[in-house]
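# Remarks on the overall topology
Each chain is listed here by its residues.
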Amino acid sequence: MVEAFAVASGKGGTGKTTSTLALGMALAEDHDVTVVDADTGMANLLFHTGLDDAPVTLHDLLIDGAAVAVDDAVYERFGMKVVPCGTELAAFRAADPERLRDVVAELAAGTDVLLLDSPAALGSKSAVLPVVLADRTVIVLQPTIPALSDGLKVQEYARSYGTETAGTLFNRVRDEDGIERVAEQAERYFGGETLGVIPESDAARAARTAGEPLLAHAPDAPASRAFREAAKRLDVRDGASESGDVADRFRSAVVPEEV
Amino acid sequence: MKIPRGDLIRSRVVDDPGTTLATALDRRLTGYAVFEPQDAVLLGDETRGVLTFEAGVPTLAYCTDTDRGGADALNDLAGPGPYSVDLYELDDADLAETHEADDLRVPPGLPAERLAANRDLVTRTREAAPDERLGDGDGDTVAAFLADEAGIEAIREQAREEARARAEEWGLTDALDD
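Nothing here was measured: the structure is a model prediction, and the numbers come from that model.

The rules behind the values
Along each chain, the written sequence defines residue order, and numbers are assigned to residues from 1. The lettering of chains begins at A and the numbering of ligands begins at 1, in the order of writing. Note on the predicted model: pLDDT of at least 70 is required for a residue's local features to be given, and 80 or more for side-chain atom pairs to be given and counted; whole-chain, interface and lining totals, by contrast, use all residues. In computing side-chain properties, one takes all heavy atoms of the structure into account and sets aside hydrogens as well as water. Helix and strand assignments follow DSSP, with helices taken as H or I runs no shorter than four residues and strands as E runs no shorter than two, numbered in order from the N terminus. Here a polar contact means two N or O atoms within 3.5 Å. Within protein one must be a hydrogen donor candidate and the other an acceptor candidate, and residues neighboring in sequence count only if both atoms are side-chain atoms. Residue contacts are defined here by distance: any two heavy atoms, one from each residue, within 4.5 Å place the two residues in contact. By definition, a salt bridge exists where a carboxyl oxygen of Asp or Glu is found within 4 Å of a side-chain nitrogen of Lys or Arg. Accessibility here uses a 1.4 Å probe with only protein chains present; expressed as a share of the type maximum, an area under 20% marks a residue as buried, one over 50% as exposed, and anything in between as partly exposed. Residue count minus one, scaled by 1.5 Å, sets the expected span of a helix. Buried area adds together the accessible area that both of two parts lose upon being put together, with accessible area traced by a 1.4 Å probe. Note on pairing: DSSP must find at least two bridges between two strands before they are called paired. Think of each axis as a best-fit line through the C-alpha atoms, taken over the contacting stretch in the case of a helix, with angles from 0 to 180 degrees between the N-to-C directions. Segment limits for the domains were obtained from an automatic or database-derived domain assignment. The predictor attaches a confidence to each residue, called pLDDT, with possible values from 0 through 100. Pairing of aromatic rings covers Phe, Tyr and Trp, the last through its six-membered ring, and needs centres within 6.5 Å; plane angles under 30 degrees mean stacked, over 60 mean edge-to-face, and all others mean tilted.

Attention shifts here to the side chain of A:Ser19. Residue and element names in this part refer to chain A. With respect to the secondary-structure elements, serine 19 resides in helix α1 (residues 16-27). From its side chain, serine 19 meets the backbone oxygen of glycine 15 in a polar contact 2.7 Å long. When residues no more than four places from it in sequence are discounted, the contact partners of serine 19 are Val140, Leu169, Asn171 and Phe227.

As structure tokens, this is what we get:
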């Protein structure tokens, strides 16, 4: 059983990586969860998980002819399987985004929930592939016009590839944002439900500095509790029943052979 | 919009228009900024946006390309950047007549919200704004944005078209959901 979610936002700074790991840790209480840093151009999941010095990362898996097994880039951390991505520009340039499909297919075969921390951009093939490959998206928003506007764009891109919205998360919300009204209005435009409203949190910054996911660093912080509630609202669906089918599903998800 | 030419005090390319807004605010500048988005792919070469300031607080917005003013002008200008920006200073009296154009007015915090998504700057700008400027629904800009169904549909429609055009560019058309 697997469902792959792209955790996406059109805009940077919404706390997408924090959200991905928080959902991942919360879902890991009931599921086998794999978290992948699919933001190959601006990776930062490694910093949130204390994997700054990981010897093998997703970049290594995306380089043509590299003699590295997918498992070599999988690290057991905080109750999840974590696949970090490196930060070197040279490695990003050498990486073939197409190979993400095979990596995702292989990872999907061995897990229940796959969370793809997706780039905060839509301007390149590598940025869009995670929402192409995923079954559904979780869109991370902030109650600002640019974040909502970019969230709408991500949703339309994803829908163009048949990837529906599982729900939205309002992150880094402050008291003065009038979030109830904003969330209610936003629900008319976004698929799924508002999974959660996460308060702005100093703990999230501190967690990042400590190299830990928020839920590990400050499990009782209001933001952590809100993330756990959000994870409960996310209904994980059964994907293909056999692992072989799962792999095929992702392999056939994109068929852009060079012509 | 007619504005007397001011004294150029700064001319540069910025990734974040918030930089310019913060400069104007910190200097309590009366004058105007001319924003020219560098993203020539999406906009015509001639696109320019003018934003006027009264003692550092944004007052009017106008987009030359679309001939729209106020919040619409900010929407026309908003983009990924970078922007080429010229910042000019004027005497209060020079802008008095221009500032009578109510149809070009923007809520004080809206430029920082719309162009920079910088909520601290929105708050600082609102704090600096005179009370009579805060009555025009500034706190509800996000709600107003979401209430504009036609505007939202336009964003979605544009994104759909863009997604399809780029899918072709990237060889992803087979993955599109028809």
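Still to come is the rest of the account.
Glancing now at the pattern of salt bridges. Counting across every chain of the model gives 25 salt bridges over all chains. When the shortest N-O distance is used, the salt bridge between A:Asp64 and A:Arg99 registers 2.9 Å. Of this pair, A:Asp64 sits in the loop between α3 (58-62) and β3 (75-77) while A:Arg99 sits in helix α5 (residues 99-109), placing them 35 residues apart in sequence. Here B:Glu36 and B:Arg48 are joined by a salt bridge, their closest N and O atoms 3.6 Å apart. On the criterion of sequence distance, the pair formed by B:Glu36 in strand β2 (residues 31-37) and B:Arg48 in the loop between β2 and β3 (49-54) is long-range, its members being twelve residues apart. A relative accessible area of 32% places B:Arg48 in the partly exposed class. One network of salt bridges, with partners in common, ties together A:Glu156, A:Arg159, A:Glu164, B:Glu153, B:Arg156, B:Glu157 and B:Arg160.

An α-helix turns once per 3.6 residues; consequently, residues spaced three or four apart project the same way. Residues and elements named next belong to chain A. Along its 16 residues, helix α7 (residues 145-160) runs 23 Å from first to last C-alpha, staying within 8% of the 22 Å computed at 1.5 Å per residue. With respect to burial, α7 is a largely interior element, 14 of its 16 residues being buried. Phi turns positive one or two residues past the end of α7, at glycine 162, with a value near 75°.

All right, on to the interface of chain A and chain B then. At the junction of the two partners, chain A supplies 37 residues and chain B supplies 33 residues. Interface area for chain A against chain B, summed over the two sides, is near 3100 Å², with a carbon-plus-sulfur share of 61%. Interface area lost by chain A to chain B is led by A:Ile145, A:Tyr161 and A:Tyr189, which between them contribute 23%. Between chain A and chain B we count 13 residue pairs in polar contact (both at pLDDT 80 or more) in total. Broken down by secondary-structure element, the contributors of at least two residues to the side of chain A that touches chain B are α6 (125-133), α7 and α8 (179-186) of chain A. If one sorts the elements of the side of chain A that touches chain B by residue count, α7(A) sits on top with eleven residues.

Here the focus is the sheet that holds strand β7 (residues 164-173) of chain A. Residue and element names in this part refer to chain A. Here eight strands make up an open sheet; going across it, the order is β3-β4-β2-β5-β1-β6-β7-β8 and the pairing mixed. Pairing within the sheet leaves two strands with one partner each, and these edge strands are β3 and β8 (193-199). When the angles between neighbouring strand axes are averaged without regard to direction, this sheet yields 25°. Strand contacts of α8: β7 and β8, with the helix running at about 165° to β7, the strand carrying the most contacts.

This part covers the domain arrangement of chain B. Segmenting chain B into domains produces domain 1 (7-136) and domain 2 (137-173). Of note, the centres of domain 1 of chain B and domain 2 of chain B, computed from C-alpha atoms alone, are 23 Å apart.

All right, on to the confidence of the model for chain A then. Looking at chain A as a whole, the pLDDT averages 90, with 92% of positions reaching at least 70. Note that residues 255-259 of chain A has pLDDT below 50 and, in this model, eight contacts with residues that lie over four places away or in other chains.

All right, on to the packing of aromatic side chains then. Residues and elements named next belong to chain B. Counted according to the given criterion, the structure contains two aromatic pairs over all chains. Each ring, one from tyrosine 32 and one from tyrosine 88, has its centre 4.7 Å from the other, and the planes form 15°; the classification is stacked. Residue tyrosine 32 is found in strand β2, and its partner tyrosine 88 is found in strand β6 (residues 83-89); the two are separated by 56 residues along the sequence. Residue class for tyrosine 88 comes out buried when judged on its relative accessible area of 7%. Ring centres 6.1 Å apart and planes at 85° place the aromatic pair phenylalanine 35 and tyrosine 83 in the edge-to-face group. You can see phenylalanine 35 sitting in strand β2 and its partner tyrosine 83 sitting in strand β6, a full 48 residues away along the chain. Taking the relative accessible area as the measure of exposure, tyrosine 83 reaches 1% and is therefore buried.

The next point concerns the environment of B:Pro82. Residue and element names in this part refer to chain B. Residue position: proline 82 is located in the loop between α2 (71-77) and β6. Proline 82 sits in the partly exposed class, given a relative accessible area of 28%. Measuring from C-alpha to C-alpha, the distance between proline 82 and phenylalanine 35 comes to 9.8 Å, with 47 residues separating the pair along the chain. In this view, proline 82 contacts Val13, Val14, Asp15, Glu36, Pro37 and Gln38; residues no more than four positions away in its chain are not counted.

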